[in-house]
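# Structural characterization, general
Residue-level listing of the chains:
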Protein chains: 6
Amino acid sequence: MFIKKYKIGVAYAHCDLPCGVYNPMQARIEAESIKAIIDKYNANKDETFRARCVVIKEERARLVKEHLSILWSDFFKDEHFNKYPHLHKLFNDTLKLVTLVKNSFDVNNSTKLLDSIDQIADIFWEVKRSM
Amino acid sequence: MFIKKYKIGVAYAHCDLPCGVYNPMQARIEAESIKAIIDKYNANKDETFRARCVVIKEERARLVKEHLSILWSDFFKDEHFNKYPHLHKLFNDTLKLVTLVKNSFDVNNSTKLLDSIDQIADIFWEVKRSM
Amino acid sequence: MFIKKYKIGVAYAHCDLPCGVYNPMQARIEAESIKAIIDKYNANKDETFRARCVVIKEERARLVKEHLSILWSDFFKDEHFNKYPHLHKLFNDTLKLVTLVKNSFDVNNSTKLLDSIDQIADIFWEVKRSM
Amino acid sequence: MFIKKYKIGVAYAHCDLPCGVYNPMQARIEAESIKAIIDKYNANKDETFRARCVVIKEERARLVKEHLSILWSDFFKDEHFNKYPHLHKLFNDTLKLVTLVKNSFDVNNSTKLLDSIDQIADIFWEVKRSM
Amino acid sequence: MFIKKYKIGVAYAHCDLPCGVYNPMQARIEAESIKAIIDKYNANKDETFRARCVVIKEERARLVKEHLSILWSDFFKDEHFNKYPHLHKLFNDTLKLVTLVKNSFDVNNSTKLLDSIDQIADIFWEVKRSM
Amino acid sequence: MFIKKYKIGVAYAHCDLPCGVYNPMQARIEAESIKAIIDKYNANKDETFRARCVVIKEERARLVKEHLSILWSDFFKDEHFNKYPHLHKLFNDTLKLVTLVKNSFDVNNSTKLLDSIDQIADIFWEVKRSM
């Protein structure tokens, strides 16, 4: 079975019903897609392909922002921001990084974005385990 | 680190650039959200809350369909459909199940949907490993 | 010709309420638009115009996929897939063709896409008449 | 009947590239869907079903507005508005009718909407033939 | 200047519930964004930046059309079109101007668009004050 | 009152091109729409009307979140968060308020939301004037 196999237990809520299912994996998958798009762009000079890369990266980056914003505004509560005082800035910096990623095909930015999302995920799972 | 911790190695591509990053987890997270919405609906008689459940379940179900359709049309190739002759029908049945899930708050349907997605995920990861 | 061939009297349902109104014409109009966009792209060197062609073709192609996916998952039932054993593959190939159409401005692909949609429409109307 | 009446041979362009493919059929299919939704709503007392009808009708009606707005702003030119002096008001009244259709499940409004769209289509095809 | 000229005290309704809150400011902000995008495009030769300008201008222009269409179909009534006989044409010309703005990075078109929106806003606030 | 208080002369940028045009008015107009929807809901017992209120309020609230998120992640820089140390929390609380507003038709929440947006706007214009 999929979930059992990967030992991730359960995934957690993500809409502001709230359904209670949040998962930083959603932002990460989009960010991995962005990194793959950037790699492919840099290896391909075709004009149409490159224009599509811009269009699709824009949309994937929008989704990263959307997924992260939901975590920031709906999953994390005051008590968590008190416990992790740098968490507001971590989210804000990560979103600013998404804007940077939209503006270039520099693979370093997309790597930094993945790192930032992983830092958020670390805190997310720490909080989940303590619930 | 998030990904290493859960031993899922890497997530794989999902847009039709194609970026090459596909992951059945995306459909599963939405389906888990749907199950959570159905549970909450059945435990809450508030009219506004219930109407929101309909609206949000509709959108989450749409996303399940979207994520599954991408796997079916862009990730899996003829060779995979040849190797797994029931795969077309498995996808088609799963999408029909999503329509059923939209039409009720019967938790059994959402459980069946999760099972179906897991069956697709089993095949997906089997194919990934053999690449 | 598409419309004349089927002498359609009414259009039929297309959402998964289901409202019961499905019509392959919706996919076809978008595919005709794509063909027109490709023709105009190839006749016009203006950079802005060409970038817009990429953006708009992407969206129209997304709509072709959406309209076809609904027919595949909501209009056609098991009995139809039994009667037309190649129908799953026909849909799958057509969706793969849409991805190809997104990736180039080769008019041949868009012509093949129209042909494929017409083959689906042939089966669709045959099923409709036998209902 | 709509299609038979016009003996249309091809469908015509609809985005503001412009691709040059416009077709009032797009608005009509959505309006037929709306009529079917209203009929089904009135024959079904299930709370979830009815809530879904509201959600889906809202979206279909939005699409009717979108398709009609494109015809009004991009297909028809000054010369057509001069030739058909009531055309502005016909479009405006039809859009106001869509708002009315959103606000109730009165089947009369959806029938009037179909009639209005057919009047627009009459003029549309008259203009097409004279091009 | 737009805001100062009207001394607006409150903003007014804009969905077709209708919530009764309409405000031409929504269209204007998007049009100002378009003008800013065009200025930045003309001052920057970077390929990625320019492609993003096309994508984002397309979306902003779509929003201008959407906001204007709502004013035209939902805020203004027959009595207003009778009082301002050129109002239909003013809206139609403005929407056609949006299409033109999508098709180039000529700053003159975006300036004309702002002027046209201001003319609509003049009439809008005149009507509001007389309610 | 919001507009009069700031004597705003021009509206400012809002996409992450960035076009440089940000304006808290966009969030405020949607929040005013929400308040109007809540008032109308409480004065109207019609089932269809009320269901539409839920659907439309959901969308308007989503737009409030979107507009605020852009201000938070793209307009405000580190120096502003240093100068206004409560600004992160103010945004976060305001977004949490939007979730609350989605979940009820209590007019108090929508009034608090307008107040919160005005507090953000105060800081926004203070920053703008000092640029």
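Residues numbered from 1 in each chain as written. Chains lettered and ligands numbered in written order. Predicted model: local features only at pLDDT ≥ 70, side-chain atom pairs only at ≥ 80, totals over all residues. Heavy atoms only, no water.

### Brief notes about the overall build of chain A
Quick note on the threshold: Here a helix means four or more residues in a row that DSSP labels H or I, a strand means two or more in a row labelled E, and each is numbered from the N terminus. Remark: exposure states derive from per-residue accessible area (1.4 Å probe, protein chains only) relative to the maximum for the residue type, with buried under 20%, exposed over 50%, and partly exposed in between. By definition, residues are in contact when any of their heavy atoms lie within 4.5 Å.
The helix and strand inventory of chain A stands at six helices and zero strands. Counting all 131 residues of chain A, 65% fall into the buried class. Restricting the contact set of chain A to residue pairs at least 6 apart, pairs at least 24 apart contribute 65%.

### Digging into helix α3 (residues 47–75) of chain A
The cut-off we apply is this: To estimate how far a helix should reach, multiply one less than its number of residues by 1.5 Å.
The end-to-end C-alpha distance of α3(A), which contains 29 residues, comes to 41 Å, matching closely the 42 Å that a straight helix rising 1.5 Å per residue would cover. The buried fraction of α3(A) amounts to 24 of the 29 residues, a majority that puts the element mostly inside the structure.

### Notes on helix α5 (residues 87–102) of chain E
All names here are of chain E. In this model α5 runs 23 Å from its N-terminal to its C-terminal C-alpha over 16 residues, within 8% of the 22 Å that 1.5 Å per residue would give. Of all the 16 residues making up α5, twelve are buried; the element is thus mostly covered by neighbouring parts of the structure. Within the sequence span of α5, burial applies to Leu 87, His 88, Leu 90, Phe 91, Asn 92, Thr 94, Leu 95, Leu 97, Val 98, Thr 99, Val 101 and Lys 102.

### Let's talk about the side chain of D:His88
In plain terms, the rule: For this analysis, a polar contact is any N or O atom pair within 3.5 Å, provided that within protein one partner can donate a hydrogen and the other can accept it, and provided that sequence-adjacent residues contribute only side-chain to side-chain pairs.
If you trace the backbone, D:His88 turns up in helix α5 (residues 87–102). Within the local environment of D:His88, its side chain forms a polar contact with the side chain of D:Trp72, the two groups lying 3.0 Å apart. Discounting residues that sit within four places of it in the chain, D:His88 has contacts with D:Trp72, D:Phe81, E:Trp72, E:His88, E:Lys89 and E:Asn92.

### Details of the relation of the copies chain E and chain A
What counts, and what does not: The copies are overlaid by a least-squares fit using only the C-alpha atoms of residues whose pLDDT is at least 70 in both copies.
Overlay of chain E on chain A (RMSD 0.0 Å): rotation 120 degrees, translation along the axis 0.0 Å. In short, the pair behaves as if placed about a three-fold rotation axis. A distinct binding surface is used by each copy, with only 14% of the interface residues of chain E retained as interface residues in chain A.

### Considerations on the interface of chain E and chain A
To be explicit about the condition: A 1.4 Å probe defines the accessible area here, and the buried area is the portion of it lost by two parts on being joined, summed over both. A side-chain nitrogen of Lys or Arg and a carboxyl oxygen of Asp or Glu constitute a salt bridge if their distance falls within 4 Å. Classes in brief: Ala, Val, Leu, Ile, Met, Phe, Trp, Tyr, Cys and Pro nonpolar; Asp, Glu, Lys and Arg charged; the others, Gly included, polar.
Every contact between the two is made by seven residues of chain E and, on the other side, nine residues of chain A. Interface area lost by chain E to chain A is led by E:Thr48, E:Arg52 and E:Val55, which between them contribute 71%. Linking chain E with chain A are one salt bridge, by the criterion used here. In this structure, the connection of chain E to chain A is made through three residue pairs in polar contact (both at pLDDT 80 or more). Here the residues of the side of chain E that touches chain A sort into four nonpolar, one polar and two charged.

### A look at the packing of aromatic side chains
Going by this rule: Planes of paired rings set the category: under 30 degrees apart is stacked, over 60 is edge-to-face and the rest tilted, where pairs are Phe, Tyr or Trp rings (Trp by its six-membered ring) whose centres lie within 6.5 Å. Distance and angle both matter: a charge sits over a ring if NZ of Lys or CZ of Arg is within 6 Å of the ring centre and within 35 degrees of the ring normal.
Taken as a whole, this structure holds 45 aromatic pairs over all chains when the rule is applied. Judged by centre distance (4.9 Å) and plane angle (90 degrees), the ring pair of A:Phe124 and A:Trp125 falls under edge-to-face. A:Trp125 shares its class with A:Phe124; the two are buried. Seen in terms of ring centroids, D:Tyr41 and D:Phe105 are 3.5 Å apart; in terms of plane orientation they differ by 5 degrees. Their pairing is stacked. Of this pair, D:Tyr41 sits in helix α2 (residues 25–42) while D:Phe105 is found in the loop between α5 and α6 (107–129), placing the two residues 64 residues apart along the sequence. We note that D:Tyr41, like D:Phe105, is buried. Through a chain of ring-to-ring contacts, the aromatic side chains of A:Tyr22, A:Phe75, A:Phe76, A:Phe81, A:Phe91, A:Phe124 and A:Trp125 assemble into a single cluster. In this structure, A:Arg50 packs its charged tip against the face of A:Tyr41, placed 4.0 Å from the ring centre. A cation over an aromatic ring shows up here: D:Lys57 above the ring of D:Phe105, its NZ or CZ 4.1 Å from the ring centre.

### A short note on a negative patch on the surface
Rule in force here: Think of a patch as exposed residues, more than 30% relative accessible area, with no salt bridge, where like charges cluster within 9 Å and nonpolar side chains (Val, Leu, Ile, Met, Phe, Trp, Tyr) cluster within 5 Å. Areas reported as accessible are Shrake-Rupley estimates using a 1.4 Å probe. Residue values count occlusion only from the protein chains shown. His is not counted, nor are the chain ends; Lys and Arg add positive charge and Asp and Glu add negative charge. For the purpose of locating charges, the reference atoms are NZ of Lys, CZ of Arg, CG of Asp and CD of Glu.
Judged by side-chain charge, A:Asp46, A:Glu47, C:Asp46, C:Glu47, E:Asp46 and E:Glu47 come together as a negatively charged surface patch. By the element assignment, E:Asp46 lies in the loop between α2 (25–42) and α3 (47–75).

### Focus on the confidence of the model for chain A
Residue and element names in this part refer to chain A. Just so we agree on the cut-off: The score called pLDDT rates the predictor's confidence residue by residue, from a low of 0 to a high of 100.
Taken as a whole, chain A shows an average pLDDT of 90; of its residues, 89% reach a score of 70 or greater. Ignoring residues within four places in sequence, the model shows residues 1–13, a span with pLDDT below 50, making 44 contacts including any to other chains. Interface confidence in the predicted complex, given as ipTM, is 0.88; pTM for the same model is 0.90.

### Considering the pattern of salt bridges
Pairing is possible between side chains that carry opposite charge, provided their charged atoms lie close to one another. Enumeration according to the criterion identifies 84 salt bridges over all chains in this entry. Measuring nitrogen to oxygen at the nearest pair gives 2.6 Å for the salt bridge that ties B:Glu30 to B:Arg60. You can see B:Glu30 sitting in helix α2 (residues 25–42) and its partner B:Arg60 sitting in helix α3 (residues 47–75), a full 30 residues away along the chain. B:Arg60 shares its class with B:Glu30; the two are buried. Several salt bridges converge on common partners, so that one network encompasses A:Asp16, A:Asp74, B:Arg52, F:Glu58, F:Lys65 and F:Lys102.

### With respect to the side chain of A:Asn109
Mapped onto the secondary structure, A:Asn109 falls in helix α6 (residues 107–129). Residues contacting A:Asn109, with those up to four places away along its chain left out, are A:Leu97, A:Leu100, A:Val101 and A:Ser104.

### Some remarks on the environment of F:Lys83
By secondary structure assignment, the location of F:Lys83 is in helix α4 (residues 78–83). Residues F:Lys83 and F:Val127, 44 residues apart in the sequence, show an inter-C-alpha distance of 9.9 Å.

### Remarks on the packing of helix α2 (residues 25–42) of chain C against α2(D)
Applicable threshold: In this analysis, axes come from line fits to C-alpha atoms, helices being fitted only over the stretch in contact, and the angle between any two N-to-C directions falls in the range 0 to 180 degrees. Should an angle fall under 35 degrees it is taken as roughly parallel, and over 145 as roughly antiparallel, whereas 65 to 115 is taken as roughly perpendicular and any remaining angle as oblique. In this scheme the handedness of a crossing depends on how the near helix is turned from the far one: anticlockwise by less than a right angle means left-handed, clockwise means right-handed.
It is at 10 Å that the axes of α2(C) and α2(D) come closest, and there the two elements cross at 155 degrees. One finds that α2(C) runs roughly antiparallel with respect to α2(D). The crossing of α2(C) and α2(D) is left-handed. Note on element contacts: α2(D) touches α2(C) through D:Met25, D:Gln26, D:Ile29 and D:Glu30, opposite C:Met25, C:Gln26, C:Ile29 and C:Glu30.

### Things to note about the packing of α3(B) against helix α3 (residues 47–75) of chain D
It is at 10 Å that the axes of α3(B) and α3(D) come closest, and there the two elements cross at 60 degrees. Regarding the angle of α3(B) to α3(D), the classification is oblique. Crossing geometry of α3(B) relative to α3(D) is assigned as right-handed. Taken together, the residues of α3(D) that come into contact with α3(B) (itself represented by B:Arg50, B:Val54, B:Val55 and B:Glu58) are D:Glu47, D:Ala51, D:Arg52, D:Val55 and D:Ile56. Partitioned by chemical class, the residues of the contact of α3(B) with α3(D) number five nonpolar, no polar and four charged.

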